[in-house]
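# Architecture and fold: a report
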Amino acid sequence: MKWKAVLKNLDVITIIAASVGAIVLHHLGIIPETYVISILLMLLALHVLQEALRGEEIKEDIKTIAQNVQITDSEVGLIKPRELLVYTEEFALKNRGEVWWFNACCSMFRSQEIFDRLLKTSIESSRTSKIYFVMNKTMKEAWDKDVRPKIEKCRNRDKVQEPVWRNIDENIAFQMIDVGVDKEAKEALLAFWGEPFMMELDHEGQHVPRYLIHVKCQSELISRLQDVFVKCRLKNS
């Protein structure tokens, strides 16, 4: 290891040796002082030039490494409040098949804007085939009051299947879409009931997502969420 360090810094060692030699020759009266100064300045200039060239080589090496490094996409992403409406609308437009809704708060659809961006976009998209809901029984009244009338006014409303009503103990809610073309691939927007992911807007139990987690198709969470949806949908009421 020591020899490697010596070889790596051979140019520096050579410059030091030449400088010491010039100084010794001056003290022996062989060369004048002006020669010593000239030699030292020349050696210093050569060293600076070499370091500059080495710096350019390092920059090129770093650039080459950066170009060859592949950054792996994160399996999940946090969607912040100011991004929610635009992001959920764009998410709905990515769908290429079925849409699954699990344990959502129906009363949030009182807002026409929220309904339009979260649900109407999916219903009227030509790429959406079916929309399935697995909902908590406690949401049935809000569904009949705040959601069903709005769905009836949408084009392609027959895509929306009658909700499956269950007693749901899980404290999660999610929307899952198909993003695959040649093979099955799903993504989901996941929320958790309660703070900080949902906020209650009024005393009647209207909850609206504050943060969402975008679960991407490469995440193993997708298969777990699929299991939750299917098992809850098929279990005895």
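Before reading further, recall that the structure is shown in the block above.
Rules used throughout
Residues numbered from 1 in each chain as written. Predicted model: local features only at pLDDT ≥ 70, side-chain atom pairs only at ≥ 80, totals over all residues. Heavy atoms only, no water. Axes fitted to C-alpha atoms, helices over the stretch in contact; angles between N-to-C directions. Helix = DSSP H or I, 4+ residues; strand = E, 2+ residues; numbered from the N terminus. Parallel < 35°, antiparallel > 145°, perpendicular 65-115°, else oblique. Left-handed = near helix turned anticlockwise from the far one by under 90°. Contact = heavy atoms within 4.5 Å. Nonpolar A, V, L, I, M, F, W, Y, C, P; charged D, E, K, R; others polar. Buried < 20%, exposed > 50% of the residue type's maximum accessible area, 1.4 Å probe, protein only.

Below, the discussion takes up the packing of helix H5 (residues 112–124) against helix H6 (residues 140–152). In the contact formed by H5 and H6, the axes pass within 11 Å of each other and the chain directions differ by 50 degrees. Accordingly, the angle class assigned to the pair H5 and H6 is oblique. Two packed elements cross with a definite hand, and for H5 against H6 that hand is right-handed. Mapping the contact onto sequence places Gln112, Phe115, Leu119 and Ile123 in H5 and Val147, Lys150 and Ile151 in H6. Partitioning the contact of H5 with H6 into residue classes produces five nonpolar, one polar and one charged.

Located in the positive-phi region is asparagine 103, a residue other than glycine, with phi close to 60 degrees. Its place among the elements puts asparagine 103 in the loop between strand E2 (99–102) and H5. A relative accessible area of 3% means that asparagine 103 is categorised as buried. Even without glycine at this site, asparagine 156 takes up a positive phi of about 60 degrees. Looking at where asparagine 156 falls in the secondary structure, it is placed in the loop between H6 and strand E4 (164–166). Taking relative accessible area as the criterion, asparagine 156 reaches 33% and is therefore assigned partly exposed.

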